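Structure at a glance
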Amino acid sequence: MDTSCFIRPATEADTEALFDICLKTAKGGEDAGALYSDPHLPGYIWSVPYLKFAGDFAFVLVEDDRPVGYVVGVADTSGFDKDLEANWWPFVRRQTAGLTPSRPRDADVMERIQNPRSGTTWLQDEYPAHLHINILPGLQAGGWGRRMISTELQALRKHGVKAVHLGVDPNNERAKGFYRHLGFSQFERDGSVAFAMRIDGEAG
Ligand SMILES: CC(C)(COP(=O)(O)OP(=O)(O)OC[C@H]1O[C@@H](n2cnc3c(N)ncnc32)[C@H](O)[C@@H]1OP(=O)(O)O)[C@@H](O)C(=O)NCCC(=O)NCCS
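Residues numbered from 1 in each chain as written. Predicted model: local features only at pLDDT ≥ 70, side-chain atom pairs only at ≥ 80, totals over all residues.

An order of E1-E2-E3-E4-E5-E7-E6 is seen for the 7 strands of this open sheet, with the pairing classed as mixed. Because the sheet does not close on itself, it has two edges, and the strands there are strand E1 (5-9) and strand E6 (185-189). Averaged over all adjacent pairs, the angle separating strand axes in this sheet is 25°, with direction ignored. Relative to strand E7 (residues 192-198), strand E5 (residues 163-168) runs antiparallel, the two being bridged by 6 bridges. Residue pairing for E7: Val 168 is matched across the bridge by Val 193. Docked against the sheet, helix H8 (residues 144-158) engages E1, strand E2 (59-63), strand E3 (66-74), strand E4 (129-135) and E5, running at close to 40° with respect to E3. Its contacts with the sheet put helix H9 (residues 173-181) on E5, E6 and E7, and the angle it makes with E5 is roughly 165°. (Pairing = 2+ DSSP bridges. Helix = DSSP H or I, 4+ residues; strand = E, 2+ residues; numbered from the N terminus. Axes fitted to C-alpha atoms, helices over the stretch in contact; angles between N-to-C directions. Contact = placed C-beta atoms within 7 Å.)

So, in structure tokens, the structure goes:
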């Protein structure tokens, strides 16, 4: 483990870093820079709204004053979705209005921005919180993922959350192994993979 790194709560000043880390890990954990014509596209969905609308559950891993990873989450997934519908997607639609899809992943993300996907109902009912974690390649496999998940689960638990879920790219074998190792249970959902865990028992 690199001891010059530490985890701290994220702030508004970390917004660009959250866009960047999301882009650099969005291809099943690898750099997706070539797949999007606007480098903000994946972060509009998977990182930045969490900082803006669920800031109490957003943390960054920092090395030499620079964020090199983040974990973000929400306590109540359906409440968060409603909040984004009212206060985030209209802004993102304006930001991306002039974009013509030309790179491989543009169209998918543009479609998600126009028609945000709601999660799987039973999963959200049983495991209302959800999270995302992304660490830049140089800092992966050093024990920081475990620590960041633990930081996130502590914050959620403190808020009274009893269970959490997350989605994983089915091709991201490494992440799937990581979540299994940390004690999450795996579920299939409409061609994708979800993991979930109760957090009101032992520490995560
Ligand atoms: C997935 C990710 C968050 C894991 O974090 P990490 O820092 O690489 O993982 P850690 O080093 O903290 O590993 C924690 C534990 O999980 C184990 N582990 C990690 N990957 C594993 C795997 N594929 N299979 C089995 N165990 C695994 C480690 O051996 C370690 O075990 P220990 O603590 O008992 O010794 C990180 O690699 C990452 O950000 N990857 C790119 C983005 C990504 O894929 N995000 C997830 C999207 S859903």
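Next, the rest of the story.
Sheet analysis places E1 next to E2, joined by 5 bridges and oriented antiparallel. Bridging from a neighbouring strand, Pro 9 pairs with Phe 59 of E2. With 5 bridges connecting them, E2 and E3 associate as antiparallel partners. Its bridge partner lying in E3, Phe 59 is registered against Val 71.

So, on to the site of the ligand. Gly 29, Ile 135, Gly 145, Gly 177 and His 181 are the nearest of the 19 residues found near the ligand. When residues of the shell around the ligand are traced back to their parent elements, those giving at least two are E4, H8 and H9. Looking at the shell around the ligand element by element, the count peaks at 5 residues for H9. When the residues that make up the shell around the ligand are grouped by side-chain class, the tally is 7 nonpolar, 10 polar and 2 charged. (Near = placed C-beta within 6 Å. Nonpolar A, V, L, I, M, F, W, Y, C, P; charged D, E, K, R; others polar.)

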